[in-house]
Amino acid sequence: DAGVIQSPRHEVTEMGQEVTLRCKPISGHDYLFWYRQTMMRGLELLIYFNNNVPIDDSGMPEDRFSAKMPNASFSTLKIQPSEPRDSAVYFCASSRDRPSNQPQHFGDGTRLSIL
Amino acid sequence: QKEVEQDPGPLSVPEGAIVSLNCTYSNSAFQYFMWYRQYSRKGPELLMYTYSSGNKEDGRFTAQVDKSSKYISLFIRDSQPSDSATYLCAITNNAGNMLTFGGGTRLMVKP
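Just so you know, these numbers come straight off a predicted model, no measurement behind them. (Residues numbered from 1 in each chain as written. Chains lettered and ligands numbered in written order. Predicted model: local features only at pLDDT ≥ 70, side-chain atom pairs only at ≥ 80, totals over all residues. Heavy atoms only, no water.)

K.L.:
So what exactly am I meant to see when it comes to the nonpolar core here?
P.N.:
Here is a general trend for soluble globular proteins: nonpolar side chains tend to be buried in one another's company. Within the largest apolar cluster, 24 residues are counted, with the highest numbers of intra-cluster contacts made by Trp 35, Ile 72, Leu 74 and Tyr 87 of chain B. When contributions to this core are tallied by element, the ones reaching two or more residues are strand S3 (19–25), strand S4 (33–38), strand S5 (45–50), strand S7 (61–66), strand S8 (71–76), strand S9 (85–92) and strand S11 (105–110) of chain B. (Core = buried A, V, L, I, M, F, W, Y, C linked by side-chain atoms within 4.5 Å. Buried < 20%, exposed > 50% of the residue type's maximum accessible area, 1.4 Å probe, protein only. Helix = DSSP H or I, 4+ residues; strand = E, 2+ residues; numbered from the N terminus.)

K.L.:
Sorry, what's going on with the interface of chain A and chain B here?
P.N.:
Where the parts come together, the accessible area they lose is often given as the size of the interface. In this complex, chain A contributes 20 residues to the contact, which on the side of chain B involves 18 residues. When residues of chain A are sorted by the area they lose upon contact with chain B, Leu 43, Pro 99 and Ser 100 of chain A head the list and together hold 29% of the total. For the pair chain A and chain B, the number of links is one salt bridge. Note that Lys 42 of chain B is salt-bridged to Asp 108 of chain A, the shortest N-O span being 3.4 Å. Counting every contact that joins chain A to chain B gives eight residue pairs in polar contact (both at pLDDT 80 or more). Within the residue set of the side of chain A that touches chain B, elements represented by two or more residues are strand S4 (31–38) and strand S5 (42–50) of chain A. (Contact = heavy atoms within 4.5 Å. Buried area = accessible area lost by both parts, 1.4 Å probe. Salt bridge = Lys/Arg side-chain N within 4 Å of Asp/Glu carboxyl O. Polar contact = N/O pair within 3.5 Å; in protein donor to acceptor, adjacent residues only side chain to side chain.)

K.L.:
I tried to follow the packing of aromatic side chains on my own but got confused; where do I start?
P.N.:
For any two aromatic rings, the description comes down to two numbers: the centre-to-centre distance and the angle of the planes. Overall, the coordinates contain 13 aromatic pairs over all chains when judged by the stated rule. Between Phe 33 of chain A and Tyr 48 of chain A, the ring centres sit 5.4 Å apart and the planes meet at 20°, which makes this aromatic pair stacked. With Phe 33 of chain A in strand S4 and Tyr 48 of chain A in strand S5, this pair connects stretches of sequence that are 15 residues apart. Each member of the pair Phe 33 of chain A and Tyr 48 of chain A is classed as buried. Aromatic pair Tyr 32 of chain B and Tyr 49 of chain B: ring centres 6.0 Å apart, planes at 25°, arrangement stacked. Placement of Tyr 32 of chain B in the loop between S3 and S4 and of Tyr 49 of chain B in strand S5 is noted, with a sequence separation of 17 residues between them. Under the relative-accessibility criterion, Tyr 49 of chain B is labelled partly exposed at 27%. Through pairs of rings, three or more aromatic residues link up here, namely Tyr 31, Phe 33, Tyr 35, Tyr 48, Phe 91 and Phe 106 of chain A together with Tyr 36 and Phe 101 of chain B. The lysine or arginine in question, Lys 67 of chain B, covers the ring of Tyr 51 of chain B, its NZ or CZ lying 4.5 Å from the ring centre. (Phe/Tyr/Trp six-rings, centres within 6.5 Å; stacked < 30°, edge-to-face > 60°. Lys NZ or Arg CZ within 6 Å of the ring centre and 35° of its normal.)

If you want it as structure tokens, here you go:
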């Protein structure tokens with residue numbers, strides 16, 4: 001089985017530009033999670049989906065961030081406009097069931113640098 | 001105060017040493033307790049999972065939970081250089097649908 005696939009692996013862009021991060025979860029997984037990892041704040045949950053429906057987006061920092069899951073095999077996290085403080089590693093994870101019942105499988109992340 | 005606290009390290013030990021990694025948490029409603037391992041430039045991977053207070057063993061790894069003290073530990077016996085990574089504790093909320101992670105402890109095992 002292929003794991004969670006994220007693209008791009010690295011993104012460097014200038015402040016104010018739109019950034020789109022992509023994720024392909026593991027086939028058959030009904031839950032999809034977006035996380036952000038920084039040295040200062042650690043690994044933080046931004047939003048999660050169940051069966052393609054956003055369930056909790058309380059971790060999304062502000063309106064500049066949006067996430068979609070148009071189908072079971074694809075999700076995007078968009079930042080518009082981007083700011084230097086958005087620089088972080090963004091992870092996507094998927095699981096068959098809620099975290100208490102099934103492990104989350106993480107992708108290798110997108111390393112985002114906003115200049 | 002963060003909901004889950006973890007000493008960031010780094011923790012440096014010689015090969016073969018016993019390693020103790022710890023987390024404290026503040027919310028007594030937290031139900032499920034996990035340890036993830038993260039290698040450099042990789043995503044976290046699940047290492048251990050436990051629900052109740054007490055010990056759970058898997059090979060060289062032992063996870064320990066003390067709900068009365070809100071304290072969880074991971075012990076690594078006979079540590080190997082390949083164990084060098086960042087170890088993150090993670091705890092689910094009461095509904096079991098979201099994880100809160102500690103900040104991670106970086107471990108270095110020297111040959």
